[in-house]
Amino acid sequence: MVCLGNICRSPLAEGILKAKIDPDKVQVDSAGTGGWHIGELPDSRSIDIAKKHGLDITDQRGKKFSAYDFETYDYIFVMDNSNYRDVIRMAKNDSEKQKVRLILDEIFPGENVDVPDPYYGGDHGFENVYQMLDQACEKIVSRL
Ligand code: 4NP
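The structure contained in this document is the topic of the report that follows.

Moving on, we come to the overall build of the chain. When you go through the chain residue by residue, the secondary structure sums to 6 helices and 4 strands. Sequence-ordered secondary structure for the chain, helices as α and strands as β, is β-α-β-α-α-β-α-α-β-α. Over its C-alpha atoms the chain spans a radius of gyration of 14 Å, differing by no more than 12% from the 15 Å that the globule rule assigns to 144 residues. With the principal axes as the frame, the chain shows a C-alpha extent of 40 × 35 × 35 Å. When the accessible surface of the chain is summed, it comes to about 7,600 Å², and 49% of that surface belongs to carbon and sulfur atoms. If the 18 positive side-chain charges of the chain are averaged to one point and the 25 negative ones to another, these points end up 2 Å apart.

Moving on to the pattern of salt bridges. Close approach of charged atoms allows side chains with opposite charge to pair. One pass over the structure, following the stated rule, counts 13 salt bridges. The salt bridge involving D117 is made with R9; its shortest N-O contact spans 3.6 Å. With D117 in the loop between strand 4 (100-102) and helix 6 (123-143) and R9 in helix 1 (residues 9-20), this pair connects stretches of sequence that are 108 residues apart. The shortest N-O distance in the salt bridge between E106 and R143 comes to 2.6 Å.

Right, let's talk about the site of the ligand for a bit. Near the ligand, the surroundings consist of C3, L4, G5, N6, I7, C8, R9, H37, D117 and Y119. Residue G5 places a main-chain N or O atom 2.8 Å away from an oxygen atom belonging to the ligand. Between C8 and the ligand, the recorded distance is 2.9 Å, taken from a backbone N or O atom to an oxygen atom. Notes on the ligand: free accessible area 350 Å², of which the protein chains cover 90%. Classifying every residue of the shell around the ligand gives 5 nonpolar, 3 polar and 2 charged.

Time to look at the packing of aromatic side chains. Inspection of the entire model under this criterion finds 3 aromatic pairs. Measuring from ring centre to ring centre gives 5.3 Å for F65 and F70, while their planes differ by 90°; the resulting arrangement is edge-to-face. F70 carries the same exposure label as F65, and that label is buried. Between the aromatic rings of Y75 and F77, the centroid separation amounts to 5.9 Å while the plane-to-plane angle is 20°, which identifies the pairing as stacked. On the basis of relative accessible area, F77 is assigned to the buried category, the value being 5%.

The N-to-C vectors of helix 2 (residues 44-52) and helix 6 enclose an angle of 55°; their axes lie 10 Å apart at closest approach. As the angle between them shows, helix 2 and helix 6 are arranged oblique. Classified by chirality, the crossing of helix 6 by helix 2 is right-handed. Contacts between helix 2 and helix 6 involve R45, S46, I49 and K52 on the former and, on the latter, D123, F126, E127 and Y130. Of the residues assigned to the contact of helix 2 with helix 6, the class counts are 3 nonpolar, 1 polar and 4 charged.

Further remarks concern the state of the cysteines. Following the criterion strictly, the structure yields 0 disulfides and no others. Looking at the unpaired C3, the closest cysteine sulfur is the one in C8, lying at 7.0 Å. With a relative accessible area of 2%, C3 lands in the buried category. When its relative accessible area of 5% is taken as the criterion, C8 is described as buried.

What counts and what doesn't
- Residues numbered from 1 in each chain as written.
- Predicted model: local features only at pLDDT ≥ 70, side-chain atom pairs only at ≥ 80, totals over all residues.
- Heavy atoms only, no water.
- Helix = DSSP H or I, 4+ residues; strand = E, 2+ residues; numbered from the N terminus.
- Rg over C-alpha atoms; globule rule 2.2 N^0.38 Å.
- Areas by Shrake-Rupley, 256 points an atom, 1.4 Å probe, with all protein chains shown as cover.
- Lys, Arg positive; Asp, Glu negative; His and termini not counted.
- Charge placed at Lys NZ, Arg CZ, Asp CG, Glu CD.
- Salt bridge = Lys/Arg side-chain N within 4 Å of Asp/Glu carboxyl O.
- Near = heavy atom within 4 Å.
- Polar contact = N/O pair within 3.5 Å; in protein donor to acceptor, adjacent residues only side chain to side chain.
- Nonpolar A, V, L, I, M, F, W, Y, C, P; charged D, E, K, R; others polar.
- Phe/Tyr/Trp six-rings, centres within 6.5 Å; stacked < 30°, edge-to-face > 60°.
- Buried < 20%, exposed > 50% of the residue type's maximum accessible area, 1.4 Å probe, protein only.
- Axes fitted to C-alpha atoms, helices over the stretch in contact; angles between N-to-C directions.
- Parallel < 35°, antiparallel > 145°, perpendicular 65-115°, else oblique.
- Left-handed = near helix turned anticlockwise from the far one by under 90°.
- Contact = heavy atoms within 4.5 Å.
- Disulfide = S-S within 2.5 Å.

So, in structure tokens, the structure goes:
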């Protein structure tokens, strides 16, 4: 799960997907394309929204997406079109490029919909993001 800062959207996506899969069978992680928040906890608003829905994401710490992640993961879900461009630029070949998916393509196929960055918005933005990611993760799990 990849966003820009790895403190708002992708930590929620990681927490939501992890809660829906068998950890012995599926490895889920998240990262940001930017490195400003390496080592930090998720944004307190993401922590609070996750908690409201019964998820604890306080074990997560900010990481930067690395080209090595293409080798580790079968799927790389990005939150928006800007993340998509940044991640695709790091891919070495077509097989790596094909791993990269816009996460909301899961629920709005082919419509190029972004998960809006809630960083500068109010708390409602985080609930909205949670709901979108929950639906998308449900679809991902149904296909695994
Ligand atoms: P995220 O939100 O990409 O959903 O984690 C952001 C968090 C921080 C920044 C940008 C986006 N930032 O520029 O620090």
